Amino acid sequence: GNSVTQMEGPVTLSEEAFLTINCTYTATGYPSLFWYVQYPGEGLQLLLKATKADDKGSNKGFEATYRKETTSFHLEKGSVQVSDSAVYFCALSAPNTGNQFYFGTGTSLTVIP
Amino acid sequence: KAGVTQTPRYLIKTRGQQVTLSCSPISGHRSVSWYQQTPGQGLQFLFEYFSETQRNKGNFPGRFSGRQFSNSRSEMNVSTLELGDSALYLCASSSETGPQNIQYFGAGTRLSVL
């Protein structure tokens, strides 16, 4: 079946620290992988995506590389800001499942000045 | 271009009642998916509609139903509400279908069942 396992939170970092949020997946076929971010009181916003092995998605200083050999899609940022405080969701979309997304449990990030 | 619009933003209902939530997708998008978000279960897929047809359905009881209109707007209905139905219900739209398509989410409807 299809599933996503995501690093448990919450995560608290100081401003300018390095961020890694781990995400691994199980999927039939070749999925596309996504990171979404949710700010308080809002819906989910796409942060980045990768559609095939070795693709690197990047946006706003965040990066994630689609690693087929380790079935992983870890999110990284070199220097976090207070404004990055939010909940981050790893997700996959698999072939022959329409637009159904499978989400991880979410990782809450708090960045303190 | 306007984003995905969900109405109402907040709802309070009592056990046994029914509720209808509405979702207007991004103009031109034909696919609408619904998700339930709770602290305990996270984000769970309810169903997807594409061109007025239900394409895919998650593992929820029959009390949860939906439909899509010819203008791609979608409604979700929950009958005989239970306390455990309290959640944030998110709608997402997409232009096409397939694993590479991005889903764009609305802000959600927060349902509280008392």
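What counts and what doesn't
Residues numbered from 1 in each chain as written. Chains lettered and ligands numbered in written order. Predicted model: local features only at pLDDT ≥ 70, side-chain atom pairs only at ≥ 80, totals over all residues. Heavy atoms only, no water. Helix = DSSP H or I, 4+ residues; strand = E, 2+ residues; numbered from the N terminus. Buried < 20%, exposed > 50% of the residue type's maximum accessible area, 1.4 Å probe, protein only. Polar contact = N/O pair within 3.5 Å; in protein donor to acceptor, adjacent residues only side chain to side chain. Contact = heavy atoms within 4.5 Å. Pairing = 2+ DSSP bridges. Axes fitted to C-alpha atoms, helices over the stretch in contact; angles between N-to-C directions. Buried area = accessible area lost by both parts, 1.4 Å probe. Salt bridge = Lys/Arg side-chain N within 4 Å of Asp/Glu carboxyl O. Nonpolar A, V, L, I, M, F, W, Y, C, P; charged D, E, K, R; others polar.

Re the side chain of Ser-93 of chain B
Residue and element names in this part refer to chain B.
Phase 1: Tracing the backbone shows Ser-93 in strand E9 (residues 87-94).
Phase 2: Ser-93 sits in the buried class, given a relative accessible area of 0%.
Phase 3: Reaching out from Ser-93, the side chain makes a polar contact with the backbone nitrogen of Ile-26 at a distance of 3.4 Å.
Phase 4: Sequence-distant contacts of Ser-93, defined by excluding residues within four places in its chain, comprise Val-4, Pro-25, Ile-26, His-29, Ser-31, Val-32, Ile-102, Gln-103 and Tyr-104.

Here's the deal with the sheet that holds strand E8 (residues 74-78) of chain B
All names here are of chain B.
Phase 1: Ordered in space as E1-E3-E8-E7, the four strands form an open sheet in which the pairing is antiparallel. Here the strands that pair on one side only, and so sit at the sheet edges, are strand E1 (5-7) and strand E7 (64-68). Each adjacent strand pair in this sheet contributes to an overall mean axis angle of 20°, direction not counted.

Description of the environment of Phe-105 of chain B
Phase 1: Considering the arrangement of structural elements, one finds Phe-105 of chain B in strand E10 (residues 104-105).
Phase 2: Non-local contacts of Phe-105 of chain B, meaning those with residues more than four positions away in its chain, are made with Tyr-36, Leu-44 and Phe-103 of chain A together with Val-4, Tyr-35, Leu-90, Cys-91 and Ala-92 of chain B.

A closer look at the sheet that holds strand E3 (residues 19-21) of chain A
Residue and element names in this part refer to chain A.
Phase 1: Taken in spatial order, the four strands make up an open sheet running E3-E9-E8-E7, and their pairing is antiparallel. The strands lining the two open edges of the sheet, one partner per strand, are E3 and strand E7 (56-59). Taken pair by pair, the neighbouring strands of this sheet meet at an average axis angle of 15°, ignoring direction.
Phase 2: The sheet contact formed by E7 and strand E8 (residues 62-65) spans four bridges and is antiparallel. By the bridge assignment for E8, Ser-58 is matched with Glu-63.

As for the interface of chain B and chain A
By a frequent convention, interface size equals the accessible area lost on bringing the separate parts together.
Phase 1: In this assembly, 24 residues from chain B lie in contact with 21 residues from chain A.
Phase 2: Counting each side, the surface lost to burial between chain B and chain A is near 1,700 Å², with a carbon and sulfur contribution of 52%.
Phase 3: Our count for the contact surface shared by chain B and chain A stands at zero salt bridges.
Phase 4: Viewed at the interface, chain A and chain B are joined by eight residue pairs in polar contact (both at pLDDT 80 or more).
Phase 5: Elements that contribute at least two residues to the side of chain B that touches chain A include exactly strand E4 (31-38), strand E5 (42-50), strand E6 (53-57) and E9 of chain B.
Phase 6: The element contributing the most residues to the side of chain B that touches chain A is E4 of chain B, with four residues.
Phase 7: The residue inventory of the side of chain B that touches chain A, partitioned by class, reads nine nonpolar, eleven polar and four charged.

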